[in-house]
Amino acid sequence: MPELPEVETVRRGVDAAFRGGRISAVEVYNPRTVRRHATGVADFQRSLAGLEVTGSGRRGKFMWLGLDDGRALVCHLGMSGQLHVVTDGREAHKHLRGRMRFSDDRELWFIDQRTFGYWDLVDMDGAVPATVAHIAPDVFETAFDPGLSADRLLRRRIEVKKALLDQTWISGVGNIYADEALWRSRLRGRRTGDSLTRRKALELLGHVGDVLTESLAVGGTSFDELYVDARGEAGYFARELAVYGRAGQPCKRCATPIVREVIGDRSAHYCPKCQR
DNA sequence: AATACGACCTGCTGGC
DNA sequence: TGCCAGCAGGTCGTAT
Ligand SMILES: [Zn+2]
């Protein structure tokens, strides 16, 4: 569920709450939460206790908290993950997977219905954690090079929709914003990368940046309680969506009913008239 | 190298 | 009421 705007919204909330904070104890309630940590749950919990959160970072949908031992706590939200700043004594959530207590007794809760999200403690590899090094820069990073990215897309034989979901090409785009960027570009997701002009590829990348920026400005997209920010607040971009989840409803440009199809085992939504 | 596909989960909805 | 298929904001490992 959470794509770049949602993850960035969460990161900002967590950073504001815990930058400079010291971790006193960590509890993991579902071992899957720490499945990527090779040395296991006990080592994970023990290693974090006593460390200070020095800051935070994000690349695409991967976010992390920087720690004063030089490592990072990588947090991926998967399809349904949330991080909540808890300052009261609220009752445990049904999908509470992990809990981190700070020295001032505030807590960071990881709630995740489907358990595709995870926590991991990893060494840094330059600017990003080692386990994030294979992910391409997102469109907001200074390392992002639109010309280079466009050129790479033009050499791809896969559908553009699939390329947009490939986090090793550009990161941060998921199923919602892929469909929205394609609609804004008047491109069908079925088109292959090598069928685009360079100009069109650059236009697509521009729309990716625009839609992510606009969504972030209103806290991201929330359809239900599965996505809320670190304070439990919903985002408001759902009302701005042109195609995602709008099958059968009129295109906002030409009133033709939006069509749902399947590309690469994911739903895809488009206007059959004004997307080619 | 690039591409394709199943696996990993829980829960909700709609049809019979 | 029960049961089952289908669907959901993602990524990774393995096989071609
Ligand atoms: Zn249209």
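Residues numbered from 1 in each chain as written. Chains lettered and ligands numbered in written order. Predicted model: local features only at pLDDT ≥ 70, side-chain atom pairs only at ≥ 80, totals over all residues. Heavy atoms only, no water.

Asker: Which residues make up the pairing of strand β6 (residues 96–102), and what values go with them?
Answerer: Taking burial as the measure, the seven residues of β6 include five buried ones, the bulk of the element. One ladder, built from five bridges, connects strand β1 (residues 23–28) with β6; its direction is antiparallel. Following the sheet pairing, Val26 is matched in β6 by Met100. Alignment of β6 against strand β7 (residues 107–112), held across five bridges, turns out to be antiparallel. The residue bridging Arg99 from the neighbouring strand is Trp109, located in β7. Following β6, the chain reverses through four residues before pairing antiparallel with β7; Asp105 in that reversal takes a positive phi of roughly 80 degrees. (Buried < 20%, exposed > 50% of the residue type's maximum accessible area, 1.4 Å probe, protein only. Helix = DSSP H or I, 4+ residues; strand = E, 2+ residues; numbered from the N terminus. Pairing = 2+ DSSP bridges.)

Asker: For the domain arrangement of chain A, give the residues involved together with the corresponding values.
Answerer: Along its sequence, chain A is organised into domain 1 (4–132) and domain 2 (146–270). For domain 1 and domain 2, the distance between their C-alpha centroids amounts to 28 Å. On the domain 2 side, the residues contacting the 19 residues of domain 1 number 19 residues. Across the interface of domain 1 and domain 2, roughly 1,500 Å² is buried in total on both sides, 63% from carbon and sulfur atoms. In terms of surface lost to domain 2, no three residues of domain 1 exceed Pro5, Glu6 and Lys61, which account for 33% of the buried area on that side. Taken together, the connections running from domain 1 to domain 2 amount to zero salt bridges. (Domains from an automatic or database assignment. Contact = heavy atoms within 4.5 Å. Buried area = accessible area lost by both parts, 1.4 Å probe. Salt bridge = Lys/Arg side-chain N within 4 Å of Asp/Glu carboxyl O.)

Asker: Talk me through the coordination of the zinc ion; I want residue IDs and the actual numbers.
Answerer: Note on the zinc ion: its protein donors are Cys251 (SG), Cys254 (SG), Cys271 (SG) and Cys274 (SG). The metal-donor distances range over 2.2 to 2.4 Å. For the zinc ion, the four donor atoms are set out with angles of 99 to 124 degrees between them, so the coordination reads as tetrahedral. (Donors = N, O, S within 2.8 Å, 3.2 Å for Na, K, Ca; no water. Tetrahedral: all angles 85-135°; square planar, octahedral: opposite > 155°, others 65-115°.)

Asker: Give me the lowdown on the pattern of salt bridges, citing residues and values where you can.
Answerer: On inspection of all chains with the given rule, the structure shows 24 salt bridges. For the salt bridge of Arg101 with Glu107, the shortest nitrogen-to-oxygen distance reads 2.8 Å. The class for Arg101 is partly exposed, based on a relative accessible area of 32%. Residue classification places Glu107 among the buried positions, given a relative accessible area of 6%. Across the pair Arg198 and Asp151 runs a salt bridge whose closest N-O atoms are separated by 2.7 Å. Here Arg198 is found in helix α6 (residues 198–217), whereas its partner Asp151 is found in helix α3 (residues 146–154), with 47 residues between them in sequence. Residue class for Arg198 comes out partly exposed when judged on its relative accessible area of 38%.

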